[in-house]
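# Secondary and tertiary structure notes
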Amino acid sequence: MVRTSLTGPGQFVHIKCGHSRLLRRPISVCDWQGSPEGDTLTIVFEVRGEGTAWLARRPVGRHVDVLGLLGNGFQVEDQGAYLLVGGGIGVPPLLGCAKVCGGGSVALLGFRSKDRALLVDELAEACLAVRVATDDGSLYHHGFVDELVRQELSKNRSFRAVLACGPKPMLKSVVQAAAEFGVPCQVSMEERMACGVGACLGCAVQMRDGTMRHVCKDGPVFDAEEVDWDA
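Quick summary incoming for the structure in this document. All values derive from a computational prediction rather than experimental measurement.

Another point: the sheet that holds strand β8 (residues 141-142). Strand order in the open sheet made by the seven strands is β8-β7-β6-β5-β9-β10-β13, with mixed pairing throughout. Bordering the open sheet on either side are β8 and β13 (221-223), each of which pairs with just one other strand. In this sheet, strand β9 (residues 162-165) lies alongside strand β5 (residues 83-87) in parallel orientation, the contact comprising four bridges. Looking at β9, one finds that Leu-84 is bridged to Leu-163. Helix α4 (residues 145-155) rests against β5, β6 (106-111), β7 (129-134) and β8 of the sheet, and its axis sits at about 160° to β6. Strands in contact with helix α5 (residues 168-180) are β5, β9 and β10 (185-188); relative to β9, the strand with the most contacts, it is inclined by about 170°.

Here it is as structure tokens:
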């Protein structure tokens, strides 16, 4: 339980994963429920190393040390229609976006294969439509998710913005597709992170104006036009 206010879907929490591990693990908030006692957050993560393996083994009811909410989330309006684009473990924060938007958004999801797909049913309940692409063709569209972005925008350019979260190569392709159709785009960036509050300056990303900004403090969500995608 985190006793703090959510300023926008796409923020993250920094979780201490065992006493012997120095660095916390940043994990995006997937969903949240408010109550007078405090806000209950839902996170969805992939086991990638010792820290997340430790977290996955915590039994129900066990306390964990959580710092958050941190960062700046997506700028969305209630009842707005957005194109939500997620790749792999970048999909979870889109569920919060979909719920804020009130069911009028479309979600396009990319995974390596069918067995790596997640939250498809949950997003289907929260969105007007969901389409899925897999690298190997084992689930629905055979190809990359940016192909679905171009298909969707060729039919409908009325989305208020494209909201994208996933690995940088995917984001770059999605940003290019959004620009081709003249639709604004916000991106949630992934970088290795240490402190989570902007003190260590480790999670830096290059901006088009030549400045460096930090995913933990200035992001993780940025206007796509601000980012230098060739850096």
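Having seen the structure, we can now continue with the description.
Let us look at the packing of aromatic side chains. One pass over the full model with this rule turns up zero aromatic pairs. Directly above the aromatic system of Trp-54 lies the positively charged group of Arg-58, at a separation of 4.2 Å from the ring centroid.

Next up on the list: helix α2 (residues 92-101). Among the ten residues of α2, nine are classified as buried, and the element is accordingly described as predominantly covered. Considered for burial, the residues of α2 that qualify are Pro-92, Pro-93, Leu-94, Leu-95, Gly-96, Cys-97, Ala-98, Val-100 and Cys-101. Contacts made by the buried residues of α2 are with β2 (25-33), β5, β6, α3 (120-126) and β9. At the exit of α2 stands Gly-102, carrying a positive phi of roughly 80°.

To continue, consider the pairing of β7. Pairing analysis gives six bridges linking β6 to β7, with the strands arranged parallel. Of the residues in β7, the one forming a bridge with Gly-110 is Ala-133. Taken together, β6, α3 and β7 form a β-α-β motif whose crossover is right-handed. Pairing between β7 and β8: two bridges, direction parallel. Pairing of Thr-134 across the sheet is with His-142, part of β8.

How each quantity is defined
- Residues numbered from 1 in each chain as written.
- Predicted model: local features only at pLDDT ≥ 70, side-chain atom pairs only at ≥ 80, totals over all residues.
- Heavy atoms only, no water.
- Pairing = 2+ DSSP bridges.
- Helix = DSSP H or I, 4+ residues; strand = E, 2+ residues; numbered from the N terminus.
- Contact = heavy atoms within 4.5 Å.
- Axes fitted to C-alpha atoms, helices over the stretch in contact; angles between N-to-C directions.
- Phe/Tyr/Trp six-rings, centres within 6.5 Å; stacked < 30°, edge-to-face > 60°.
- Lys NZ or Arg CZ within 6 Å of the ring centre and 35° of its normal.
- Buried < 20%, exposed > 50% of the residue type's maximum accessible area, 1.4 Å probe, protein only.
- Right-handed = clockwise from strand over helix to strand, strands pointing away.

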